[in-house]
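Listed here are the chains, written in short residue letters.
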Amino acid sequence: MPDFPHRLYRSSQLSKRCALWITPLTVLLAMLSISAFTGFWPWSGNPYSSYILQAQSWLRGRLDLGQDYAWLELAIRDGKYYVSFPPFPSYVLLPFVALFGENTPDTLIAWAVTMIGVVTAVRMCILLGASVRSSVFWSLFLYLGSGYLFIGQTSWVWFIAQTMAFTLSLLSLTCALENRGGFSLTFWACSVGCRPLNIIYLPLLFYLLRQREKTQSIPRWIQRHLVWAVGPCLLGGSYMLLNFLRFGSPLEFGHNYLPEFVRAPEGQFSLSYVPEHLLLLLRLPEINPQTGALVFAHLETNLFILVCPLSISFVLCWVHGLRNREKSDLPLLIGLPLLLLLHTLLICMHRTLGGFQFGNRYFVDLLPFLLLGLLTWKNPKETFDLTQLPLLAAGTCLNLLGTVMAYHTWG
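Everything in this summary refers to the structure shown in the same document. (Residues numbered from 1 in each chain as written. Predicted model: local features only at pLDDT ≥ 70, side-chain atom pairs only at ≥ 80, totals over all residues. Heavy atoms only, no water.)

### Here's the deal with the overall build of the protein
Working step 1: The secondary structure content of the protein amounts to 19 helices and four strands.
Working step 2: Against the globule reference of 22 Å for 411 residues, the protein gives a C-alpha radius of gyration of 22 Å, in line with a compact fold.
Working step 3: With respect to the principal axes defined by its C-alpha atoms, the protein has extents near 75 × 65 × 45 Å.
Working step 4: Relative to its 411 residues, the protein shows a buried fraction of 53%.
Working step 5: The contacts in the protein between residues at least 6 apart in sequence include a share of 73% that link residues at least 24 apart.
Working step 6: For the protein, the accessible area works out to roughly 19300 Å², and carbon and sulfur atoms hold 68% of it.
Working step 7: Across the protein, the 27 positively charged side chains and the 20 negatively charged ones have centroids separated by 12 Å. (Helix = DSSP H or I, 4+ residues; strand = E, 2+ residues; numbered from the N terminus. Rg over C-alpha atoms; globule rule 2.2 N^0.38 Å. Buried < 20%, exposed > 50% of the residue type's maximum accessible area, 1.4 Å probe, protein only. Contact = heavy atoms within 4.5 Å. Areas by Shrake-Rupley, 256 points an atom, 1.4 Å probe, with all protein chains shown as cover. Lys, Arg positive; Asp, Glu negative; His and termini not counted. Charge placed at Lys NZ, Arg CZ, Asp CG, Glu CD.)

### Looking at the packing of aromatic side chains
The relative placement of two aromatic rings is captured by the distance of their centres and the angle of their planes.
Working step 1: In total, this model carries 36 aromatic pairs according to the counting rule given.
Working step 2: The interplanar angle of 20° and the centroid separation of 6.2 Å between the aromatic rings of W138 and F384 together place this pair among those described as stacked. Taken together, the positions of W138 in helix 5 (residues 132–144) and F384 in helix 18 (residues 382–387) put the pair 246 residues apart, joining distant regions of the chain. In terms of burial, W138 and F384 fall into one category: buried. (Phe/Tyr/Trp six-rings, centres within 6.5 Å; stacked < 30°, edge-to-face > 60°.)

### Re the pairing of strand 2 (residues 80–83)
Working step 1: Two strands pair when backbone bridges link them, and strand 1 (residues 74–77) and strand 2 are joined in this way by four bridges, in the antiparallel orientation. By the bridge assignment for strand 2, I76 is matched with Y81.
Working step 2: Counting the residues that bridge the hairpin from strand 1 to strand 2 gives two residues, and of these D78 lies at a positive phi of roughly 55°. (Pairing = 2+ DSSP bridges.)

### Overview of the environment of H277
Working step 1: Following the sequence through the fold, H277 ends up in helix 13 (residues 274–280).
Working step 2: A relative accessible area of 3% means that H277 is categorised as buried.
Working step 3: Sequence separation between H277 and L353 is 76 residues; the distance between their C-alpha atoms is 7.4 Å.
Working step 4: Apart from residues no more than four positions distant in its own chain, H277 is found in contact with C348, H350, R351, T352 and L353.
Working step 5: Here the side chain of H277 touches C348 through a polar contact of 2.8 Å, landing on its backbone oxygen. (Polar contact = N/O pair within 3.5 Å; in protein donor to acceptor, adjacent residues only side chain to side chain.)

### Examining the environment of S172
Working step 1: With respect to the secondary-structure elements, S172 resides in helix 7 (residues 157–177).
Working step 2: Judged by relative accessible area, S172 falls into the buried class, the value being 2%.
Working step 3: Spatially, the C-alpha atom of S172 lies 7.9 Å from that of L205, the residues being 33 residues apart in sequence.
Working step 4: With residues near it in sequence (within four places) discarded, S172 still touches S184, F187, W188 and L205.

Structural measurements only, silent on function.
Structure follows, in structure tokens:
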């Protein structure tokens, strides 16, 4: 008998394996291209290595850094200097610092984390029913055309936590789709230890995990899967203990002890910041009167849909989901956009929108969850992907060139 089905299966598996290699290789070459123009290679040194300094202090038996580093953002309490950012990246770097000390290759580690994230994005797309070609397309859109390139390029303290949180969010969502609740919630807790606002996506993960076992009552379902809470509780407990020992509060990571926020009359978070920040998300590039070139801001943000055109694709897919709501998952159709809007509001309540950058780096944290909704609601025909190709091309060109120009501005 002809073995067409068997050959088709083998061909499909081969395509998946190719996608899992080709996609990260494409992203890697894009990042190396940026390095060629900026000099920020993955083996370059890192002058803003707060997480390495913190890990070194821990290995020496102290929680503070022992001295001031004037070029770093450090929390100051009782005359001692602490890293003011959530601690999970130092957890990851701890064994490397034990081996390599201050020469820890944290940028290489950050790039490796990016490659893990790209592979995970492809897997998540396939799990959500996308074809192999479609999975490659949307994974590349996520990484090349939507603002990730800037933060993924270096391991500077402001960016490496976002790089890790991005990958951890993708891992958490992928494990939730596979009903591996313990891993999903543990990866989520790791991401919260990088970007605390990711805590708001816990209901989404519970919803995704619950979908596989709807027949059980919720109390019975929770009781059956209590073991899933072990990893998140251990991680959360470690964050709170560390916060308490350093700053006297289990919920204080140290930002409120930064001189910048100590001096701010409204503090680190305030609704009074929202109107100005919403306007910044609509900020158009200016025109250089001498050259006629567009000048993009390198402090705070630019027009969101311009530097993150994936958001346009998301809205189109959400509208498609609304039109086919009898076939759509209605709670997800309503709930996920509300979580994204809540996350946006909380970011806009922050004193700053990320300082030096190209694009809107704080909003990169939303993209893994945005991709989940996009793939859930999009038209399954690959003709839709073709219509989004101009957005991918525009987003990739803007973010590649914008990242190069931003780092040149810094230098």
